[in-house]
Every structure is written in structure tokens, then in C-alpha cells.
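Coordinate analysis (summary)
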Amino acid sequence: KIFQAVVSCVGHDGTIYIIPKSLEIELNKLMTEIQSNFKCLGLLESYCWKKGEACIVRGSDTMWYRGKVVELGGSALQVQYIDRGCIERIPQCHLYPTTSYTGIPPFCIPCQLYKTIPIGNFWQQDAVDCLQDLLTNEEVEIHVQELPDNPWGKLSIRLYFGGMSLSSFMAYKKYCVAEDCQDILKLVRFLLLGDVPVLTSYTLPPLPIPGDTFPVRVTHLVSPKEVYISLDPYKNVRMQSATEGDANCDSEVVSLDEALKWCNKSVESLPLLTHFQTETPCLVEYQDGLWYRGKLLSVEEFNPVKILVQFVDYGSFSVVPTDRLRQIPYHLLNYPVQAVRALLTGFKPASYDQNVERIPYSPEWSVEALWAMMECVEGKQLSASILALSPEVTISLYEDDENLVHMKLIEMGLADLDE
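Within each chain, residues carry numbers counting from 1 in the order of the written sequence. Where local features are concerned, this predicted model is filtered to residues with pLDDT of at least 70; where side-chain atom pairs are given and counted, the filter is 80 or more; whole-chain, interface and lining totals use all residues. Excluded from the side-chain calculations are hydrogens and water; all other atoms, namely the structure's heavy atoms, are used.

**Considerations on the overall build of the protein**
Secondary structure assignment for the protein yields seven helices and 27 strands. For the exposure calls, accessible area comes from a 1.4 Å probe over protein chains only, and a residue counts as buried if that area is under 20% of its type's maximum, exposed if over 50%, partly exposed in between. Across the 419 residues in the protein, those meeting the buried criterion constitute 47%. Computed with the Shrake-Rupley method and a 1.4 Å probe, the accessible areas treat only the protein chains shown as cover for residues. Summing over all exposed atoms, the protein offers an accessible surface of approximately 22,200 Å²; the carbon and sulfur share of this is 52%. Segments assigned H or I by DSSP are reported as helices when at least four residues long, segments assigned E as strands when at least two residues long, and all are numbered from the N terminus.

Here's what the structure looks like:
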């Protein structure tokens, strides 16, 4: 059986507790009922607790949860949150004995990785820390392999995050030995370009039929006439058929955003980039500390070395040191770029006085025209129509009211009509 689940907790022994997505609504209903039925403090008078006794627990978020006493001792007891899996030492004043909900099975399922043996036959602390950082509160895909011998035992599973096998990832990090060698081979191909055929460039997405109008967002402006656009392939747009080798976003089980999110969690496992050939695909660290898909354009400085890169899903450029470049996981090359370079048609630069400040890399345009165009398109849902695909993608760009975007520049005297 294959299903989606959220990892609620990773225990200190490496047990992975999951809540199937199909049970989330039922769990939320139970939680709401518990909050409405228990509006008291914990049990303040003396009480003789027993190991295995059912209770409710006031968590650090002041919510009440179903619990079970797993260890006695002193003023605090070890209690397991039976719908989350985690075990904590809880003061007795935050507990209340009850049998109200004992007839409802726990919503979380304890799991172990199938045919995966931790180094030393138990999960070391650094491995548990890795599992907790990687999985807690994340949505994953579960492939059930073996049922436990008893109802309270651990389910043997294969777990996939962002399309990657957890067993293979932990084996790659040398935390365990995974018996399925095929999985390990897939991971090496998945994580690194290595010996697999290197794609010299990313693929472009299939583009709409010329003449059709389709929704776009402008993700980056190079000049008033040269832009990068992002189009939404799910908006009922008639697409040209992609070439046989191209990946299609519609067929991807895991979205690019999801794959990048998981990649950011394990980015330290990826080697730094060591070959700086033009157009080489890579991961680039942005100012927000996250890593995005990029490609190398040129070496800009030599002491220290700094590289001009382009973020391929946005179109923007940046000069970064080499320690902000890493080898890209192979599977991320299967997603087409999200930003397509396009030239706008129907207008040209206005004649300017020599004293007007111009764009250094595109001196036919004034800086004022660039700012004006930025105000017209930034953060707005626009529409476009492709006029030509070759030699370059050429489009007309429209506002919501179907007026051409560049008409505002013409009205301001910053551009002229180009017949």
C-alpha cells in the first residue's frame, strides 16, 4: 500500500511516527472535542499513577492531547503523546487521568525502515538528529513493505521525501546499511551528476500556440524590451508538444518547489562546485539563505573568485563566491526552467537628450523607462501572445484590461511606437 503521510515525530531510538493524510480530518475533530471537554487544570491533588495508564496531557502550546504513562518517577512522569508518538517528561500537574478516549486507536503509526540496518545495530545520536531535522512535520510518501507481528509493533516501510529514498539517503550519509543495492545506485544518480550523462543545459517548458493569449507573470526585467516570463501550464492553455526528451511539469509527481524544499534540507550533502564551465547547471545560494537552480555564465573576479550566475526559474542574475555554488542533484534537471526569456514588440526607445541617465548594459534605454516598465509589470498578473518563436521568443504583453503594457511608456514619452 502506498499513501501520503505527515511525520509527527522521530523517536530517540529512530522510530518514525507518521499520521496518514487520510486521517487528518478525523484527528482534528477529536482534538476539537478534547479541548471542549477538558477546560480544567491538571490533576492537583495526589494521585497514584500506574505505568501504561491513559491520560490527557497539557502540552507546551496549552492544548490537551491524549497520552499514556510510560515511566514513573518523582514529580514528573515520562508520557507518550499517543497521537504524535513523542515521549516527554511531564509534571504531574499537567496530567489528568481519563478513560474517555481509550476506545479510539492512536492516529500515529510507529515505523521502521525496511531492510535498513543502522551502524552499530542502533541509530546513533547524530543519525537521529539528522532524521528529526529532515522529517519532522513534513509530508512524505509511504510504501508499506511488511506488517508488524503484533498490532503495537513497527510497520516496515520505504519512505520517500521529494522523490528520494530515505534509506538510500541515510546510507549515503553512512548512518546505516541498506540491503537494497539498487536503491543506493539510484541515489547516487539522484544526488550527483557523477558518471551519468551531463545535461549541458536545462530544458525549456512547452510554449503556447502562437496567436493564443495566455496568463503570465514577469519575473525579471533586463530592459523595457527584454523580460523573463513565467507561464502557468495548468491554466487551460493550448501547449505545443514538447520534444521527446523534455520533461513536462504535468507529469511530475513531486513539484519543483517541493523537490527544492527537500533539497535545501539536505544541501550540506551536496559537494561544492569545482568545474566552472559556462552554462553548467548548479545550485546557487540566494540572499535569503535558500538554494535555487542556476547556471554559470562567466568568471567576474579572480581574487577571490566570483562567478556570474543566473537563477533559471526567475531570470535574475547575481555574482557569487564559489562557496555559494553546489553540484545540482540529477533529478532537478528533469524540471523545465520556470522563466522564459522573451522580447516585447511594438515599441522602441524614444530619442533622448545625451544627459539622460541610461542603462549601462543597454544604453539605448533610459533608466527612467526601466523603472516605469517595472511599475507596469511588477507583481501583476498579465497576459501575453506569442508572435514568433524564432530566432527569439517575441511576445505582446497585455494588462488585465487587454491594453498593451508598453502604451504607458509611450504616453510618458519614454518610448515610441515601432510599426
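**Structural notes on the packing of aromatic side chains**
Aromatic contacts are taken between Phe, Tyr and Trp rings whose centres are within 6.5 Å, Trp giving its six-membered ring; a plane angle under 30 degrees counts as stacked, one over 60 as edge-to-face, and the others as tilted. Applying the stated criterion across every chain yields a total of 13 aromatic pairs. Residues Phe-38 and Tyr-96 carry aromatic rings whose centres are separated by 6.3 Å and whose planes lie at 65° to one another, so their mutual orientation is edge-to-face. Taken as a pair, Phe-38 in the loop between helix H1 (24-37) and strand E3 (54-58) and Tyr-96 in strand E7 (residues 95-97) lie far apart in primary sequence, 58 residues in all. Overall, Phe-38 belongs to the buried group, its relative accessible area being 12%.

**A few points about the environment of Trp-152**
By the element assignment, Trp-152 lies in the loop between strand E10 (139-146) and strand E11 (155-161). With 43 residues separating them in the primary sequence, Trp-152 and Ile-109 have C-alpha atoms 8.9 Å apart. The residues contacting Trp-152, other than those within four sequence positions of it, are Pro-106 and Pro-110. Residues are treated as being in contact if the distance between any of their heavy atoms lies within 4.5 Å.

**Some words on the side chain of Ser-269**
Mapping Ser-269 onto the fold places it in the loop between helix H5 (256-265) and strand E16 (281-285). Within the local environment of Ser-269, its side chain forms a polar contact with the side chain of Lys-173, the two groups lying 3.3 Å apart. Excluding its chain neighbours within four sequence positions, the residues that come into contact with Ser-269 are Phe-169, Tyr-172 and Lys-173. Any pair of N or O atoms that falls within 3.5 Å is considered a polar contact. Within protein, one atom must be able to donate a hydrogen and the other to accept it, and sequence-neighbouring residues count only if both atoms are side-chain atoms.

**Describing unusual backbone geometry**
Of note, the amide linkage connecting Ser-390 to Pro-391 takes the cis form, showing an omega dihedral of 0°. By the secondary structure assignment, Pro-391 is in the loop between strand E25 (382-388) and strand E26 (394-398). For Asn-137, which is not glycine, the phi torsion reads 65° and is therefore positive. Position of Asn-137 relative to the elements: it lies in the loop between helix H2 (125-135) and E10. Given the relative accessible area of 51%, Asn-137 is considered exposed. A positive phi angle, close to 65°, is found at Lys-174, a residue other than glycine. Secondary-structure assignment places Lys-174 in the loop between helix H3 (166-172) and strand E13 (176-178). On the basis of relative accessibility, which here comes to 68%, the residue Lys-174 falls in the exposed class.

**Examining the pattern of salt bridges**
Each reported salt bridge corresponds to a side-chain nitrogen of Lys or Arg within 4 Å of a carboxyl oxygen of Asp or Glu. By the definition in use, this model includes 13 salt bridges. A salt bridge links Lys-408 to Glu-399, with the shortest nitrogen-to-oxygen separation between them at 3.3 Å. Judged by relative accessible area, which is 35%, Lys-408 ranks as partly exposed. One salt-bridge network, held together by shared partners, links Glu-138, Glu-258, Lys-261 and Lys-265.

**Focus on the sheet that holds strand E6 (residues 87-91)**
In any sheet, the strands associate via hydrogen bonds between backbone groups, in a parallel or an antiparallel arrangement. Strand pairing is defined by DSSP finding a minimum of two bridges between the two strands. On the basis of which strands lie adjacent, the open sheet formed by five strands has the order E6-E5-E4-E3-E7 and antiparallel pairing. The strands lining the two open edges of the sheet, one partner per strand, are E6 and E7. On average, each strand axis in the sheet is tilted by 45° relative to the strand beside it, whichever way the strands run. In terms of strand pairing, E3 meets strand E4 (residues 64-71) through five bridges, oriented antiparallel. Among the inter-strand pairings, Val-57 is bridged to a residue of E4, identified as Tyr-65. Working convention: axes come from line fits to C-alpha atoms, limited for helices to the stretch in contact. Angles between N-to-C directions cover 0 to 180 degrees.

**Brief notes about the nonpolar core**
What we call a nonpolar core is a set of buried Ala, Val, Leu, Ile, Met, Phe, Trp, Tyr and Cys residues that are connected through their side-chain atoms within 4.5 Å. Formed by 31 residues in total, the largest nonpolar core has its most connected members in Met-373, Val-377, Ile-395 and Leu-397. At seven residues, the largest contribution of residues to this core is made by helix H6 (residues 367-377). Met-373 has contacts with Leu-221, Pro-224, Leu-344, Phe-347, Val-405, His-406 and Leu-409, leaving out every residue within four places of it along the chain. Phe-3, Ile-157, Met-164 and Phe-169 belong to the second largest nonpolar core, which has 30 residues in total.

**Let's talk about the environment of Lys-225**
Residue placement: Lys-225 occurs in the loop between strand E14 (213-221) and strand E15 (226-231). For the pair Lys-225 and Lys-348, spaced 123 residues apart in the sequence, the C-alpha separation amounts to 7.9 Å. Each residue touching Lys-225, except ones within four places of it in the same chain, is listed here: Ala-342, Leu-343, Leu-344, Thr-345, Gly-346, Phe-347 and Trp-365. There is a polar contact of 2.7 Å between the side chain of Lys-225 and the backbone oxygen of Phe-347.

**Observations regarding H5**
Considered for burial, the residues of H5 that qualify are Leu-256, Ala-259, Leu-260, Trp-262 and Cys-263. One side of H5 holds all its buried residues, which, seen down the axis, span an arc of 165°. Relevant arc is that of directions from the helix axis to the C-beta atoms, nothing else.

**Overview of a nonpolar patch on the surface**
A patch is a set of surface residues, each over 30% in relative accessible area and not in a salt bridge, joined within 9 Å for like charges and within 5 Å for the nonpolar side chains Val, Leu, Ile, Met, Phe, Trp and Tyr. On the surface, a nonpolar cluster with roughly 360 Å² of combined accessible area is contributed by Phe-276, Val-299, Phe-302 and Val-305. Take Phe-276: it is sitting in the loop between H5 and E16. Owing to a relative accessible area of 35%, Phe-276 belongs among the partly exposed residues under this scheme.

Remember that the coordinates give geometry; whether it matters functionally is a separate question.
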